Amino acid sequence: MFVDGGVDLVLGGHVHSYERTYPMKGGNSTQHHYNCDGGCAPTYIVQGASGNREGNDGFGDTPEWSANHNSSVGFGLMAVNRTALTWRFFAAPEEADGATLVDEFHMTRG
């Protein structure tokens, strides 16, 4: 449905962690970059780290489609213009004094 509809980015929330994929179709990554000028499969972001107070066991083996994952408490920021999107994820655990950038990517579409 997302591929057929030309969707470039799917944002979801869940408790506990953060993960970003490469563009995916049929359970596999289609490319390991985010230049979508000719169209691309959707990139998925699960941003559930903002409410993570229960803790995580971490992640097992990293599949090839996973571009980044993090189990710290944190938050995401997105900036969008006509041809580009920038996403940043910051870890901000309670014991830290401030936030640390741990993931960033830029998606372009001309």
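Higher on the page you've got the structure.
Residues numbered from 1 in each chain as written. Predicted model: local features only at pLDDT ≥ 70, side-chain atom pairs only at ≥ 80, totals over all residues. Heavy atoms only, no water.

1. A word on the pattern of salt bridges
One pass over the full model with this rule turns up 3 salt bridges. Salt-bridge contacts for R20 lead to D103; the nearest nitrogen and oxygen are separated by 2.6 Å. One end of the pair, R20, is in strand 2 (residues 18–21); the other, D103, is in strand 9 (residues 100–108), with 83 residues separating them in the sequence. On the basis of relative accessible area, R20 is assigned to the buried category, the value being 5%. Owing to a relative accessible area of 5%, D103 belongs among the buried residues under this scheme. (Salt bridge = Lys/Arg side-chain N within 4 Å of Asp/Glu carboxyl O. Helix = DSSP H or I, 4+ residues; strand = E, 2+ residues; numbered from the N terminus. Buried < 20%, exposed > 50% of the residue type's maximum accessible area, 1.4 Å probe, protein only.)

2. What to know about the packing of aromatic side chains
Taken as a whole and assessed by the stated rule, the structure comprises 5 aromatic pairs. Here the aromatic rings of Y18 and F89 are separated by 4.0 Å at their centres, their planes lie at 5°, and the arrangement is stacked. Taken together, the positions of Y18 in strand 2 and F89 in strand 8 (residues 84–91) put the pair 71 residues apart, joining distant regions of the chain. When sorted by exposure, Y18 lands in the same class as F89, which is buried. Where Y22 meets Y34, the ring centres are 6.2 Å apart and the plane angle is 20°; that geometry is what we call stacked. (Phe/Tyr/Trp six-rings, centres within 6.5 Å; stacked < 30°, edge-to-face > 60°.)

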